[in-house]
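Listed here are the chains, written in short residue letters.
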Amino acid sequence: MRQFVRKILRSLLAFVILTLAGLVLIALSTNFTLKLEQKSFGHMTHWGSSFARIDEFESWAHQKPTQARGLIIGSSTAYRNINPYILSSATHIDWFNFGSSGQPPKISYFLLQDAFKKTKLDYVLLDIYPDIIDLEGLESAHDLVYNSRLHPWLKTQLVLRYPNAKLLLRYLYFYTKRIIPSKAHVVSNPAYGRYTGKGFVCTDSLALTRFDSITKTQRVADFETLHDIAALCKQHGTKLILNISPELGKVYRLDPNYRKFMVMSSPNFKNPQHFYDSHHMTCEGANLYSESLGSKLVKLK
């Protein structure tokens, strides 16, 4: 039995050593070629702007507030469609957009818990895009682990929460490259927008000229994490506001439980020329939409 256990431990140790050696080899190879990294882990990307957003959030959170503060959380419909500068101008609240790619409510809750440890938040605006409500959050975890300088302990928690081999290897590779002399390569594509600060991405893609689709009614179901977020906000004396993100070709029907919350929606924001796909807005569309949200927020304050 002891020999069997020893063989298992030796095999495990050999596997760990070979894995670490492979990570070091790939990191070193970036000084000569990017092919190995591309074929194995893929290059880091700026597409969700998580590097810039996470870094700026840390700075914003540690500044001494001079006015009420608000945090926007949600997926790409949050960070591409809601301009915090326009909201701040309309409401006299210092807003920061803490959305990220594929961020479902479970990840929003995770990030919000950490945000409350770093700064006082007077308002939280949860942007709800119905199609991401039930996502587990693996896409978001990959983005935050591989494409940002999120605190190492938070990255570790994400890896433990999502037992996924590729996520673990990306996590280890990210920190291997911090130790081993290597070349940092971040894939850039202007089509994914430009980061303008405070977490917002302005997208200059061509607007739609029309959107041919039969309008469908979609139920927006109640979900457990919403109540977790509400309880967390209540615990910190923070006002929670929900925003139902508009989508071309969709009419939303909210479950009765949403009556317990302050909810904003824009059912008439349906001009295809304000969107570059069914639910993401152009810069012009996002600015017009944000002006509308700012007016609604003033009434809810």
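The structure under discussion appears in the preceding block.
(A) Focus on the packing of helix H7 (residues 138-146) against helix H8 (residues 152-161). Between H7 and H8, the shortest axis-to-axis distance is 10 Å and the interhelical angle comes to 150°. Relative to H8, the element H7 lies roughly antiparallel. Crossing geometry of H7 relative to H8 is assigned as left-handed. Contacts between H7 and H8 involve Ala141, Leu144 and Val145 from the first element and Lys155, Leu158 and Val159 from the second. Class assignment for the residues of the contact of H7 with H8 results in five nonpolar, no polar and one charged.

(B) Fine view of the sheet that holds strand S4 (residues 123-128). Strands sit in the order S3-S2-S4-S9-S11 across an open sheet of five strands; the sheet is parallel. Two strands lie at the open edges of the sheet, namely strand S3 (94-97) and strand S11 (262-265), each paired on one side alone. Adjacent strand axes in the sheet meet at a mean angle of 20° when their direction is disregarded. In this sheet, S4 lies alongside strand S2 (residues 69-73) in parallel orientation, the contact comprising four bridges. Along S4, the bridge assignment pairs Gly70 with Tyr123. Packing of helix H10 (residues 224-235) onto the sheet brings it into contact with S4 and strand S9 (239-244), and relative to S9 it is tilted by some 150°.

Conventions adopted
Residues numbered from 1 in each chain as written. Predicted model: local features only at pLDDT ≥ 70, side-chain atom pairs only at ≥ 80, totals over all residues. Heavy atoms only, no water. Axes fitted to C-alpha atoms, helices over the stretch in contact; angles between N-to-C directions. Helix = DSSP H or I, 4+ residues; strand = E, 2+ residues; numbered from the N terminus. Parallel < 35°, antiparallel > 145°, perpendicular 65-115°, else oblique. Left-handed = near helix turned anticlockwise from the far one by under 90°. Contact = heavy atoms within 4.5 Å. Nonpolar A, V, L, I, M, F, W, Y, C, P; charged D, E, K, R; others polar. Pairing = 2+ DSSP bridges.

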